[in-house]
Amino acid sequence: MDTLRRLSPLDRLLDSAQNALSTVAGAPRAARANPGLAAPAPTLDDDERRHAAGLMRINHTGEVCAQALYIGQAAVARDPATRAHLLEAAQEETDHLAWCADRLHELDSRPSLLNPLWYAGSWAIGAAAGLRGDGWNLGFVVETERQVEAHLAEHLASLPAGDDRSRAILAVMKDDEARHADAALAAGARRLPAPIPAVMAAMSKAMKTVAYRL
């Protein structure tokens, strides 16, 4: 915690830049074992494989956005405890990012070509949310995680029936997102004004539509 207090604005900016490079152009390493590896490799036809890859590309992009949101929020967080909370959640999102990347590789597919754009926009949104104060910062975490949890539930239902590897990954991700939201609530999150969740949902829908294909 003392280390977090000593970080200067420049330190935080450099830390954000390093995270951006490793998230978008690097190969993030998970701290936890990939839950999909416990399931047998499925046999999918071409249409099923493309659909599963499209869904996993959306989820990979979602984790890129989550990294950017949390790092952007942490860069301007005023309370060291709030910043520590955001960085801890970001580490688990790194696990998700690595798992989704692994599954895309297994499906002979690739991440979204627009990930640098998704990252930049999400970082800016996270920083803007954080500047409102830590209560709003945490409220943004709650709303983000609730929306992600809902779309993961949709993807779990939409995956090809035999794709237990992707399903195992998304199930753990969904549990983690719910826990992040609950922890943010317990830490003092404020409820966001009515228009903001609707705008966030509209932006998420646009991202999912594009990332499924690109």
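Up top you'll find the structure we're talking about.
Residues numbered from 1 in each chain as written. Predicted model: local features only at pLDDT ≥ 70, side-chain atom pairs only at ≥ 80, totals over all residues. Heavy atoms only, no water.

Draft legend 1. Highlighting the overall build of the chain. A count of helices and strands for the chain gives eight helices and zero strands. Going from the N terminus to the C terminus, the chain shows its helices and strands as α-α-α-α-α-α-α-α. The long-range share in the chain, meaning contacts at least 24 apart out of those at least 6 apart in sequence, stands at 87%. When the accessible surface of the chain is summed, it comes to about 10300 Å², and 60% of that surface belongs to carbon and sulfur atoms. (Helix = DSSP H or I, 4+ residues; strand = E, 2+ residues; numbered from the N terminus. Contact = heavy atoms within 4.5 Å. Areas by Shrake-Rupley, 256 points an atom, 1.4 Å probe, with all protein chains shown as cover.)

Draft legend 2. Structural view of the packing of helix 4 (residues 80–106) against helix 6 (residues 134–158). Closest axis-to-axis distance for the helix 4/helix 6 pair is 11 Å, and the angle between their directions is 20 degrees. Put simply, helix 4 runs roughly parallel to helix 6. Helix 6 is crossed by helix 4, and the crossing has left-handed handedness. Where helix 4 approaches helix 6, its residues T82, H85, L86 and E93 are matched on the opposing element by D134, N137, L138, V141 and E145. Along the lines of polarity and charge, the residues of the contact of helix 4 with helix 6 split into three nonpolar, three polar and three charged. (Axes fitted to C-alpha atoms, helices over the stretch in contact; angles between N-to-C directions. Parallel < 35°, antiparallel > 145°, perpendicular 65-115°, else oblique. Left-handed = near helix turned anticlockwise from the far one by under 90°. Nonpolar A, V, L, I, M, F, W, Y, C, P; charged D, E, K, R; others polar.)

Draft legend 3. Local environment of the pattern of salt bridges. Scanning all chains against the criterion turns up twelve salt bridges. Between D47 and R50 there is a salt bridge, and its shortest N-O distance comes to 2.5 Å. One end of the pair is D47 and the other is R50, both in helix 3 (residues 46–76) and three residues apart, which spans about a single turn. On the accessibility criterion, D47 (54% relative accessible area) is exposed. (Salt bridge = Lys/Arg side-chain N within 4 Å of Asp/Glu carboxyl O. Buried < 20%, exposed > 50% of the residue type's maximum accessible area, 1.4 Å probe, protein only.)

Draft legend 4. Region of the structure containing the side chain of H96. Relative to the helices and strands, H96 resides in helix 4. Overall, H96 belongs to the buried group, its relative accessible area being 0%. Here H96 is in contact with R32, E63, M173, D176 and E177, once residues within four sequence places are set aside.

Draft legend 5. Representation of unusual backbone geometry within the structure. You will see that D108, though not glycine, has its phi angle at about 55 degrees, which is positive. Among the structural elements, D108 can be located in the loop between helix 4 and helix 5 (115–131). On the accessibility criterion, D108 (66% relative accessible area) is exposed.

Draft legend 6. How the structure looks around the packing of helix 3 against helix 6. Put simply, helix 3 and helix 6 touch, their axes get as near as 11 Å, and they point 170 degrees apart. On the basis of the axis angle, helix 3 is roughly antiparallel to helix 6. Contacts from H51, L55, I58, N59, L69, Y70 and Q73 of helix 3 reach helix 6 at N137, F140, V141, T144, E145, H151, L152, H155 and S158. For the contact of helix 3 with helix 6, the residue count by class is seven nonpolar, eight polar and one charged.

Draft legend 7. Just helix 5, in detail. For helix 5, with 17 residues, the first-to-last C-alpha span of 24 Å sits near the 24 Å given by 1.5 Å per residue. Every buried residue of helix 5 is accounted for by N115, W118, Y119, S122, G126, A127, A129 and G130. The buried residues of helix 5 occupy an angular sector of 160 degrees when projected down its axis, which confines them to one face. With respect to the buried face of helix 5, the exposed residues turned more than 90 degrees away are L117 and L131. Phi turns positive one or two residues past the end of helix 5, at G133, with a value near 120 degrees. (Expected span 1.5 Å × (residues − 1). Arc of directions from axis to C-beta.)

Draft legend 8. Quick peek at the environment of D175. Among the structural elements, D175 can be located in helix 7 (residues 164–186). For D175 and L152, which are 23 residues apart along the polypeptide, the C-alpha to C-alpha distance reads 9.9 Å.

Draft legend 9. Region of the structure containing the packing of aromatic side chains. This model, assessed by the stated rule, comprises zero aromatic pairs. If you follow R132 out to its NZ or CZ, it ends over the ring of W136, 5.0 Å from the centre. (Phe/Tyr/Trp six-rings, centres within 6.5 Å; stacked < 30°, edge-to-face > 60°. Lys NZ or Arg CZ within 6 Å of the ring centre and 35° of its normal.)

Draft legend 10. Fine view of helix 3. Its 31 residues give helix 3 an end-to-end C-alpha distance of 45 Å, which sits within 8% of 45 Å, the value for a rise of 1.5 Å per residue. Burial analysis of helix 3 places 24 of its 31 residues in the buried class, the great majority of the element.

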